[in-house]
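What follows is the residue order along each chain.
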Amino acid sequence: MEIAQRHGLDGFALEWIGSASYYNESFYNIFTACENYNARRGASPVTARLGGPKPFALIPMLDGGNYTSVAEKLLT
């Protein structure tokens with residue numbers, strides 16, 4: 001995330017594919033790492049508006065047409 005921000009990126013889109021447990025764990029770990037990264041830097045939408053650190057964002061990409069599964073993943 002630090003390297004990406006140094007090169008002008010402010011986030012990643014992550015595709016959640018499959019239903020194997022390792023996808024769930026990896027997805028959760030990546031979002032947790034992003035939250036921790038932003039917290040260490042004191043980055044939030046408020047600090048960004050005030051000209052301070054901009055938070056790094058992760059956008060989940062969910063597909064498959066199973067809206068119950070999508071809702072469950074987003075709530076997780």
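Structure's up top.
Residues numbered from 1 in each chain as written. Predicted model: local features only at pLDDT ≥ 70, side-chain atom pairs only at ≥ 80, totals over all residues. Heavy atoms only, no water.

**Comments concerning the overall build of the chain**
Here is step 1 of the chain: The helix and strand tally for the chain stands at 4 helices and 2 strands.
Here is step 2 of the chain: Counted from the first residue to the last, the chain has its helices and strands arranged as α-β-α-α-β-α.
Here is step 3 of the chain: Overall size of the chain, expressed as C-alpha extent along the three principal axes, is 40 × 20 × 20 Å.
Here is step 4 of the chain: Sorting the 76 residues of the chain into buried and exposed places 17% on the buried side. (Helix = DSSP H or I, 4+ residues; strand = E, 2+ residues; numbered from the N terminus. Buried < 20%, exposed > 50% of the residue type's maximum accessible area, 1.4 Å probe, protein only.)

**A look at the layout of surface pockets**
Here is step 1 of the chain: Taken as a whole, the largest pocket spans an internal volume of roughly 240 Å³.
Here is step 2 of the chain: Lining the largest pocket are Trp16, Asn24, Phe27, Tyr28, Phe31, Thr32, Glu35, Pro60, Leu62, Lys73, Leu74 and Thr76.
Here is step 3 of the chain: Breaking the lining of the largest pocket down by element, the ones donating at least two residues are α2 (21–41), β2 (57–62) and α4 (67–75).
Here is step 4 of the chain: Residues of the lining of the largest pocket, tallied by class, amount to 7 nonpolar, 3 polar and 2 charged. (1 Å grid on protein atoms, 1.4 Å probe; cavity = no way out; pocket = protein on both sides within 12 Å on 5 of 7 lines; lining within 4 Å. Points joined across faces, edges and corners; volume = space filled by probe spheres on them. Nonpolar A, V, L, I, M, F, W, Y, C, P; charged D, E, K, R; others polar.)

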